[in-house]
Amino acid sequence: MAVIAAQPYDYPLPTETGIALVIIDMQRDFLEPGGFGAALGNEVSRLQAIVPTVQRLQRAFRERGWLVLQTVEGHRPDLTDCPPSKRQRGNAALKIGDPGPMGRILVLGEPGNQIIPELAPKPDEPVIAKPGKGAFYNTNLEFLLKTHHISHLIVTGVTTEVCVQTTLREANDRGYECLLVEDATESYFPEFKQATLDMVRAQGGIVGWTATADQVLDGLTDIPLNPQNKEASSAC
Ligand code: C5J
């Protein structure tokens, strides 16, 4: 059986299908100046550090022909899916829907709402637009995972203690085996990232597992590449 060396103990991997890479909200709104993250007063540059690590995981999953899915947090242009409480929260200079340097803040389709070019999805890779912090709330994520027979989620992205942690908890409650990649997730607050990693793996992995990207990639090498998948990914 293939495993990933993880905390609090080894994470067993399904050897055929059933595993997906989840990349949460690696969109310009959170990683670049002038977006939602910056409007809330955060120093956004520290999130950039994980980009190469997420890219390595994305490459490894694509090479195996496994599901890579991304999320973006955003709202419809008419903001009917944005609760007024969310819009007011933080008392920011620029609120959700206001025009900013990258288009309207946190609105679907605006330049700021695009996934950063380094991690751009391929045309056949799903991108879930989510109005909330959790990726299961008001989306078809659960349906998508069911139709792809996914049971194991390798979770990455930003920010660790907000959308990443909320999604992880939602997934855990739905029975998914979740592993959070320690160096492929980041927060504006290092102490919140650390606390989240500790919370996830405490009490015997009450919400899931954590491991480094190297540990994940080492574990994946124990699963033979399906030659069909390899052909498919090299043709892309
Ligand atoms: C936030 C997120 N922090 N993607 N969203 O508002 O974590």
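Residues numbered from 1 in each chain as written. Predicted model: local features only at pLDDT ≥ 70, side-chain atom pairs only at ≥ 80, totals over all residues. Heavy atoms only, no water.

Student: Explain the side chain of Gln-58 here, please?
Tutor: As for its placement among the helices and strands, Gln-58 is situated in helix α3 (residues 51–63). Contact partners of Gln-58, with chain neighbours within four places excluded, come to Leu-21, Ile-23, Val-68, Gln-70, Glu-118, Leu-119 and Ala-120. (Helix = DSSP H or I, 4+ residues; strand = E, 2+ residues; numbered from the N terminus. Contact = heavy atoms within 4.5 Å.)

Student: What should I look at first to understand the state of the cysteines in this one?
Tutor: In protein structure, a disulfide is the covalent linkage between the sulfur atoms of two cysteines. Counted by the stated rule, this structure contains zero disulfides. The thiol of Cys-82 is not disulfide-bonded; the next cysteine sulfur, from Cys-163, is found 13 Å away. Under the relative-accessibility criterion, Cys-82 is labelled buried at 9%. (Disulfide = S-S within 2.5 Å. Buried < 20%, exposed > 50% of the residue type's maximum accessible area, 1.4 Å probe, protein only.)

Student: What is the right way to look at the site of the ligand in this model?
Tutor: Around the ligand sit Asp-25, Phe-30, Phe-36, Glu-73, Lys-133, Val-158, Thr-159, Val-162 and Cys-163, and those are all the residues in its vicinity. Contact distances for the ligand include 2.7 Å between a nitrogen atom and a side-chain N or O atom of Asp-25. Take Glu-73: an N or O atom from its side chain is 2.9 Å from a nitrogen atom of the ligand. Here the ligand loses 93% of its free accessible area of 230 Å² to cover by the protein chains. (Near = heavy atom within 4 Å. Polar contact = N/O pair within 3.5 Å; in protein donor to acceptor, adjacent residues only side chain to side chain. Areas by Shrake-Rupley, 256 points an atom, 1.4 Å probe, with all protein chains shown as cover.)

Student: Please explain the pairing of strand β9 (residues 177–186) as it appears in this structure.
Tutor: On a regular strand, each side chain points to the face opposite its neighbour's, so the side chains alternate between the two faces of the sheet. Counting buried residues in β9 gives eight out of ten residues, a clear majority hidden from the surface. In terms of strand pairing, strand β8 (residues 152–158) meets β9 through six bridges, oriented parallel. Across the sheet, residue Gly-157 finds its bridge partner in β9, namely Thr-185. For the crossover from β8 across helix α6 (residues 160–173) to β9, the handedness is right-handed. Where β9 and strand β10 (residues 209–211) come together, three bridges link them in parallel fashion. Within the sheet, the bridge partner assigned to Leu-180 lies in β10 and is Thr-210. After leaving β9, the chain enters helix α7 (residues 190–205) and then returns to the sheet as β10, a path that is right-handed. (Pairing = 2+ DSSP bridges. Right-handed = clockwise from strand over helix to strand, strands pointing away.)

Student: Would you mind going over the environment of Asp-25 with me for this structure?
Tutor: Summarising the element assignment, Asp-25 is placed in the loop between β3 (19–24) and α1 (28–31). On the accessibility criterion, Asp-25 (0% relative accessible area) is buried. For the pair Asp-25 and Thr-15, spaced ten residues apart in sequence, the C-alpha to C-alpha distance is 28 Å. Setting aside chain neighbours within four positions, we find Asp-25 in contact with Phe-30, Leu-31, Thr-71, Val-72, Glu-73, Lys-130, Val-158 and Cys-163. Polar contacts involving the side chain of Asp-25 include one to the side chain of Thr-71, which spans 2.7 Å.

Student: Whenever I open this one, α3 confuses me. Can you help?
Tutor: In an α-helix there are 3.6 residues to a turn, and that puts residues three or four apart on one side. Helix length check: α3 (13 residues) gives 18 Å between terminal C-alpha atoms against 18 Å at 1.5 Å per residue, within 8%. Of the residues making up α3, those classed as buried are Val-51, Thr-53, Val-54, Leu-57, Gln-58, Ala-60, Phe-61 and Arg-62. (Expected span 1.5 Å × (residues − 1).)

Student: Got a minute to help me understand the confidence of the model for the protein in this structure?
Tutor: A low pLDDT means the predicted coordinates there should not be read in detail. Put simply, the protein has an average pLDDT of 93, and 94% of its residues get 70 or more. Across residues 230–236, where pLDDT falls below 50, the model places five contacts with residues more than four positions away in sequence or in other chains. (pLDDT = per-residue confidence, 0-100.)

Student: Got a minute to help me understand the side chain of Asn-113 in this structure?
Tutor: With respect to the helices and strands, Asn-113 occurs in the loop between β6 (103–104) and β7 (127–130). Classification of Asn-113 as buried rests on a relative accessible area of 4%. Once residues within four sequence positions are removed from consideration, Asn-113 is found in contact with Gln-27, Asp-29, Val-72, Glu-73, Gly-74, Leu-106, Val-107 and Leu-108.

Student: Would you mind showing me how to read α7 here?
Tutor: Here α7 contains 16 residues, and its C-alpha end-to-end distance of 21 Å stays within 8% of the 22 Å for a straight helix at 1.5 Å per residue. Buried residues of α7: Lys-193, Thr-196, Leu-197, Val-200, Arg-201 and Gly-205, and no others. Taken together, the buried residues of α7 touch α6, β9 and β10.

Student: Sorry if this is basic, but what is going on with the packing of aromatic side chains here?
Tutor: How two aromatic rings sit relative to each other is set out by the distance from centre to centre and by the angle between their planes. In the structure shown here, the tally under the stated rule is six aromatic pairs. Consider the rings of Phe-61 and Trp-66, whose centres lie 5.5 Å apart with planes at 75°: the pair is edge-to-face. Given the relative accessible area of 0%, Phe-61 is considered buried. Assessed through its relative accessible area of 11%, Trp-66 is described here as buried. Each ring, one from Phe-189 and one from Phe-192, has its centre 4.9 Å from the other, and the planes form 45°; the classification is tilted. Under the relative-accessibility criterion, Phe-192 is labelled partly exposed at 37%. (Phe/Tyr/Trp six-rings, centres within 6.5 Å; stacked < 30°, edge-to-face > 60°.)

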